[in-house]
Amino acid sequence: MTDNSPLRVAIVGAGPSGFYAAGQLLAVPDPEFAVDLYDRLPTPYGLVRSGVAPDHPKIKSVTRAYDKTTRHERFRFFGHVDLGVDINRRQLLERYHVVLYTIGTSIDKRLGIPGEDLRGSHAATEFVAWYNGHPDHCGLEIDLQAKQAVVVGAGNVALDVARMLALAPAELACTDTADHAIEVLGSSGIEEITVLARRGPLQAAFTNPELLEMGELERGDVEIVGGELDELSAVALQEADKTRRRNVEILQEYAARPSTGKPITVRFRFLASPVELLGDERGHVRAVRVENNEIVARDDGSLAARGTGRLDEIPAQLVFRSIGYTGQPVDDIPFDARRGLICNDAGRVTDETGAHQIGEYVSGWIKRGPSGVIGTNKKDAQDTVTKILKDAAAGRLNEPVADDIDAMIAAHAEHAVTWEGWQAIDAIETAAGGASDPVRPRIKLTEWDALREAARGAAAGRSVR
Ligand code: NAP
């Protein structure tokens, strides 16, 4: 292409990684890029909307920075367009110089133990999506008449789940938790929540502010089981990073606290792995059988959990597995099933043999795996954008054969929601939140039809440029 038109970029996935990459590419003066940001949902922001806990509104305010990007004249949003369903990889490569996948890792890792599919056993990912009003998950049935819950995993998602189960109705009432979840969580009968960690306090993946919040619950006392450091961890503590050392301090302080008689006990149980979920005669989970672990050193010096053969049971009518996310293959994009990621070499998509796929890039969790906080994706996007710029300078971008993007959308995704469509959804949600008592940031539309209808309200101002 020898004309001076901007290089066309399709970014697939409108979460933090997609927005950071869009902003960074639009800021490049030469060559100029025009960015079309696609998402399968009619709403933008990915996990900021459907993953970040509703009682963490400050974290969600990062969307203000993303909104600045949308005001750029070379930016467009096409929501409600599903790659691999409405449009495909080949169609994008025919029309764009760069196709960047920022689709995240959307499904849960499974425990792989008997009883995992009993009723009352859920993926944390689904529960999180449910309380955040994700339209694919609004029908999830969570039985909060349960008295005892177990959350498997010692990461921040496990803490989000445990905290959401413990929040008082008044604490939820002023958040953007989906209405269906406020109703169910508000009438919860939960008395005990066990956060189950297979290793010890030093190896927990929590971050400090999130762990501190657990000690400030209006309705919950914290209790620690198995929190003493084993000999290997006590040595490793000296070399551990600040976050892990502080986690140990916080947990030690929790262990020394007396119960204050609050209605809910949040118990951190260390050094135990679930080996089976036990069911009752109705096929509903009734307990988690766990094997107690000890810490052992691997050959590389890292500390792992090893089962001791000692088993016991934790009564639980509700179980959430929260042991990390994994990606799903989309269309025929090369996928590393073992790692659950798109095959890539530091951001350049490769095939299974490692050969670069010209014009295709990846960023965020689907590039590196599900780790880090939202801001981690800014640097990650920058690394991929640097590769794109290098390839552009070397004349190694994709050579599109067509530029009829509008016609592609009209033919294959005429239901696409533009930025104006999202703004119409946003206006309805925020107006409803402002009118509620107490005031809430928004009341989310949680059904596909309601989202589509709200977006259609913007049809007058809508254009596919
Ligand atoms: P994570 O931080 O990777 O934690 C996963 C936990 O699952 C680890 O404790 C891990 O233990 C455990 N685990 C893995 N396989 C297991 C198994 N088979 N049996 C028992 N336990 C197992 O993942 P996450 O909690 O899903 O969070 C993902 C990312 O999002 C993290 O970077 C997190 O910090 C971030 N996040 C941040 C916030 C926030 O900033 N407020 C909120 C939510 C999420 P091992 O260490 O022993 O493998």
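Reading guide: rules and limits
Residues numbered from 1 in each chain as written. Predicted model: local features only at pLDDT ≥ 70, side-chain atom pairs only at ≥ 80, totals over all residues. Heavy atoms only, no water. Near = heavy atom within 4 Å. Polar contact = N/O pair within 3.5 Å; in protein donor to acceptor, adjacent residues only side chain to side chain. Areas by Shrake-Rupley, 256 points an atom, 1.4 Å probe, with all protein chains shown as cover. Helix = DSSP H or I, 4+ residues; strand = E, 2+ residues; numbered from the N terminus. Axes fitted to C-alpha atoms, helices over the stretch in contact; angles between N-to-C directions. Parallel < 35°, antiparallel > 145°, perpendicular 65-115°, else oblique. Left-handed = near helix turned anticlockwise from the far one by under 90°. Contact = heavy atoms within 4.5 Å. Nonpolar A, V, L, I, M, F, W, Y, C, P; charged D, E, K, R; others polar. Buried < 20%, exposed > 50% of the residue type's maximum accessible area, 1.4 Å probe, protein only. Domains from an automatic or database assignment. Buried area = accessible area lost by both parts, 1.4 Å probe. Salt bridge = Lys/Arg side-chain N within 4 Å of Asp/Glu carboxyl O. Core = buried A, V, L, I, M, F, W, Y, C linked by side-chain atoms within 4.5 Å. Pairing = 2+ DSSP bridges.

Chemist: Where do I start with the site of the ligand in this structure?
Modeler: Looking at the ligand, there are 20 residues lining it, with Asn156, Arg198, Arg199, Glu210 and Gly372 nearest. Between Glu210 and the ligand, the recorded distance is 2.9 Å, taken from a side-chain N or O atom to a nitrogen atom. When isolated, the ligand has an accessible area of 920 Å², and the protein chains bury 78% of it. Here the shell around the ligand gets three residues from one element, more than from any other, and that element is helix α7 (residues 156-166).

Chemist: Where do I start with the packing of helix α1 (residues 16-26) against helix α14 (residues 376-393) in this structure?
Modeler: When two helices pack together, their arrangement is captured by the angle between the axes and the distance separating the axes. Orientation of α1 relative to α14, taken along the N-to-C sense of each, is 50 degrees, at an axis distance of 9 Å. In terms of their interaxial angle, α1 and α14 are classed as oblique. Crossing handedness for the pair α1 and α14: right-handed. Counting all contacts with α1, which are made through Pro16, Ser17, Tyr20, Ala21, Gln24 and Leu25, the residues of α14 involved are Asn377, Lys378, Ala381, Gln382, Val385 and Ile388. Here the residues of the contact of α1 with α14 sort into seven nonpolar, four polar and one charged.

Chemist: Would you take a moment to explain α7 for this structure?
Modeler: Helical geometry note: an α-helix holds 3.6 residues per turn, so side chains three or four residues apart project in the same direction. Most of α7 sits out of view: nine of its eleven residues are buried. Restricting attention to buried positions, one finds in α7 the residues Ala158, Leu159, Asp160, Val161, Ala162, Arg163, Met164, Leu165 and Ala166.

Chemist: Looking at this model, I keep getting lost on the domain arrangement of the chain. Mind explaining?
Modeler: Where interface size is quoted, it is often the accessible area lost as the parts come together. Once the domains are mapped, the chain shows domain 1 (7-106 + 327-456) and domain 2 (109-324). Centre-to-centre, using C-alpha coordinates, domain 1 lies 31 Å away from domain 2. Buried area between domain 1 and domain 2, both sides added, is near 2,000 Å², and the carbon and sulfur share of it is 53%. If you sort the residues of domain 1 by the area they bury against domain 2, Pro54, Arg440 and Thr446 come out on top, with a joint share of 29%. If you look at where domain 1 meets domain 2, you find four salt bridges. Counting the contacts that link domain 1 with domain 2 gives twelve residue pairs in polar contact (both at pLDDT 80 or more). The set of elements that each furnish at least two residues to the side of domain 1 that touches domain 2 consists of α2 (47-50) and α17 (448-456). Residue classes in the side of domain 1 that touches domain 2 are distributed as eleven nonpolar, four polar and eight charged.

Chemist: What's the story with the nonpolar core in this structure? I'm lost.
Modeler: Proteins that are soluble and globular tend to have nonpolar side chains buried together. Counting 46 residues, the largest nonpolar core has Leu185 and Phe268 as its most contacted members. Sort the elements by how many residues they give to this core and α7 lands first, with seven residues. Once you skip the residues sitting within four places of it in the chain, Phe268 turns out to touch Leu159, Val195, Phe206, Leu211, Met214, Val222, Glu223, Ile224, Val225 and Leu251. Counting residues in hydrophobic clusters, the runner-up holds 37 residues, among them Leu100, Ile388, Val417 and Trp422.

Chemist: Explain the sheet that holds strand β10 (residues 264-269) here, please?
Modeler: Within a sheet, neighbouring strands are paired by backbone hydrogen bonds and run either parallel or antiparallel to one another. Spatially, the six strands line up as an open sheet ordered β6-β14-β7-β8-β10-β9, and their pairing is parallel. Pairing within the sheet leaves two strands with one partner each, and these edge strands are β6 (121-123) and β9 (220-225). With direction set aside, neighbouring strand axes in the sheet form an average angle of 20 degrees. In this structure, β6 lies alongside strand β14 (residues 318-321), joined through three bridges in parallel fashion. Paired with Ala123 across the strands is Arg321, a residue of β14.

Chemist: Sorry, what's going on with the sheet that holds strand β11 (residues 272-279) here?
Modeler: A sheet is described by the order of its strands in space; here three strands give the open sequence β11-β12-β13, paired in antiparallel fashion. At either end of the open sheet lies a strand with only one pairing partner, and these are β11 and β13 (303-315). Here the strands of the sheet are splayed against their neighbours by 20 degrees on average, with no regard to which way each runs. Pairing between strand β12 (residues 285-297) and β13: ten bridges, direction antiparallel. Each bridged residue has a counterpart across the sheet, and for Val288 the counterpart in β13 is Ile314.

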